[in-house]
Amino acid sequence: MTNCIFIIAHAPLAQAMRDCAMHVYPECAATVIALDVLPYAEPEDTLAQARQLLAHAEGQGLLVLTDIFGATPANVAQKLVANNGNAKLIAGVNLPMLFRAVCYRHESLDALVTRALVGGTQGVMQVAITAPQNQNRRIHDQNHRDHQQ
């Protein structure tokens with residue numbers, strides 16, 4: 001059984017994240033759904049729209065990913081999962097989290113939540129390398145331009 005992954009976030013983040021997932025994992029198109037919450041959208045209207053998008057996912061496990069806990073998308077998401085024993089919610093979505101969720105969407109919902117959380121946290125790191133464009137130029141360089149092309 002495949003779990004459904006529902007991304008609900010401030011516009012245009014949800015659809016952009018789904019597009020990134022489709023770029024890498026095009027075979028998951030039917031199981032990843034996105035809803036962008038527009039500015040000034042009424043929460044009740046957003047909830048109705050979310051329920052309509054998820055109507056075909058009845059009976060499946062549902063992993064809901066949202067951007068910021070306490071904001072309208074997360075509040076709507078909480079209402080979606082409140083009375084659904086087969087749904088889980090994670091706030092703070094990022095691409096590593098989404099990619100991990102897509103890769104393991106066939107696992108149990110509890111295992112999927114664990115995988116998504118680990119992917120999301122492991123995907124955030126400080127990268128300590130010096131990029132070539134940040135290095136001092138040597139005097140004998142042939143190219144003295146001040147910008148990279």
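This text follows the structure it describes.
One structure accompanies this document, and this report is about it.

Rules used in this analysis
- Residues numbered from 1 in each chain as written.
- Predicted model: local features only at pLDDT ≥ 70, side-chain atom pairs only at ≥ 80, totals over all residues.
- Heavy atoms only, no water.
- Axes fitted to C-alpha atoms, helices over the stretch in contact; angles between N-to-C directions.
- Helix = DSSP H or I, 4+ residues; strand = E, 2+ residues; numbered from the N terminus.
- Parallel < 35°, antiparallel > 145°, perpendicular 65-115°, else oblique.
- Left-handed = near helix turned anticlockwise from the far one by under 90°.
- Contact = heavy atoms within 4.5 Å.
- Nonpolar A, V, L, I, M, F, W, Y, C, P; charged D, E, K, R; others polar.
- Buried < 20%, exposed > 50% of the residue type's maximum accessible area, 1.4 Å probe, protein only.
- Pairing = 2+ DSSP bridges.
- Phe/Tyr/Trp six-rings, centres within 6.5 Å; stacked < 30°, edge-to-face > 60°.
- Arc of directions from axis to C-beta.
- Core = buried A, V, L, I, M, F, W, Y, C linked by side-chain atoms within 4.5 Å.
- Patch = residues over 30% accessible without salt bridge, like charges linked within 9 Å, V, L, I, M, F, W, Y side chains within 5 Å.
- Areas by Shrake-Rupley, 256 points an atom, 1.4 Å probe, with all protein chains shown as cover.
- Salt bridge = Lys/Arg side-chain N within 4 Å of Asp/Glu carboxyl O.

So, on to the packing of helix H2 (residues 43-53) against helix H3 (residues 72-81). Where H2 contacts H3, the axes come no closer than 10 Å and their chain directions differ by 55 degrees. Our classification of the angle between H2 and H3 gives oblique. In this structure, H2 meets H3 at a crossing whose hand is right-handed. For the pair formed by H2 and H3, the contact residues are Pro43, Thr46, Leu47, Ala50 and Arg51 on the first element and Thr72, Val76, Lys79 and Leu80 on the second. Partitioning the contact of H2 with H3 into residue classes produces five nonpolar, two polar and two charged.

It is worth spelling out the packing of helix H1 (residues 13-24) against helix H4 (residues 95-103) at this point. The geometry of H1 relative to H4 is characterised by a closest axis approach of 10 Å and an angle of 50 degrees between their N-to-C directions. With respect to H4, the axis of H1 lies oblique. In the crossing of H1 with H4, the sense of the turn from one axis to the other is right-handed. Contacts between H1 and H4 involve Met17, Arg18, Cys20, Ala21 and Val24 from the former and Leu95, Leu98, Phe99 and Val102 from the latter. Residue composition of the contact of H1 with H4, grouped by class: eight nonpolar, no polar and one charged.

Before going further, it helps to spend a moment on the pairing of strand S3 (residues 62-66). Across the five residues that make up S3, a large majority, five, are buried. Both faces of S3 are covered, namely the face carrying Leu62, Val64 and Thr66 and the face carrying Leu63 and Leu65. Taken together, the five bridges between strand S1 (residues 4-10) and S3 define a ladder with parallel strand orientation. Residue pairing for S3: Cys4 is matched across the bridge by Leu62. Pairing of S3 with strand S4 (residues 87-91) involves five bridges; the strand directions are parallel. When the sheet's bridge partners are listed, Leu63 is paired in S4 with Lys88.

Enumeration over the complete set of coordinates arrives at one aromatic pair. With 5.6 Å between their ring centres and 85 degrees between their planes, Tyr25 and Phe99 make a pair best called edge-to-face. Highlighted residues: Tyr25 in the loop between H1 and strand S2 (32-37) and Phe99 in helix H4, separated in sequence by 74 residues.

Attention shifts here to H3. Along an α-helix, residues three or four apart share an orientation, since each turn contains 3.6 residues. For H3, every residue scored as buried is listed here: Pro73, Ala74, Val76, Ala77, Leu80 and Val81. Mapping the buried residues of H3 onto a view down its axis gives an arc of 160 degrees, with all of them on the same face. Of the surrounding elements, those touching the buried residues of H3 are S1, S2, H2, S3 and S4.

Next up on the list: the nonpolar core. Among the nonpolar cores identified, the biggest contains 23 residues, and Ile5, Val32, Leu63, Leu65, Ile90, Leu98 and Val102 are the most heavily contacted of them. Of all the secondary structure elements, the ones that give two or more residues to this core are S1, H1, S2, S3, H4 and helix H5 (109-122). Counting 17 residues, the second-largest nonpolar core is a separate cluster that includes Cys4, Ala57, Val76 and Val81.

On to a nonpolar patch on the surface. A surface patch of nonpolar side chains, about 360 Å² in accessible area, is lined by Met125, Val127 and Ile129. Looking at the element boundaries, Val127 is found in the segment after H5.

So, on to the sheet that holds S4. If you walk across this open sheet you meet the four strands as S2-S1-S3-S4, and the pairing is parallel. In the strand order of this sheet, the two ends are held by S2 and S4, each with one partner. Strand-to-strand, the axes of this sheet are offset by a mean angle of 20 degrees, without reference to chain direction. Against the sheet, H4 engages S1, S2, S3 and S4, with an angle of about 165 degrees to S1. Sheet contacts for H5: S3 and S4; angle to S4, the most-contacted strand, approximately 10 degrees.

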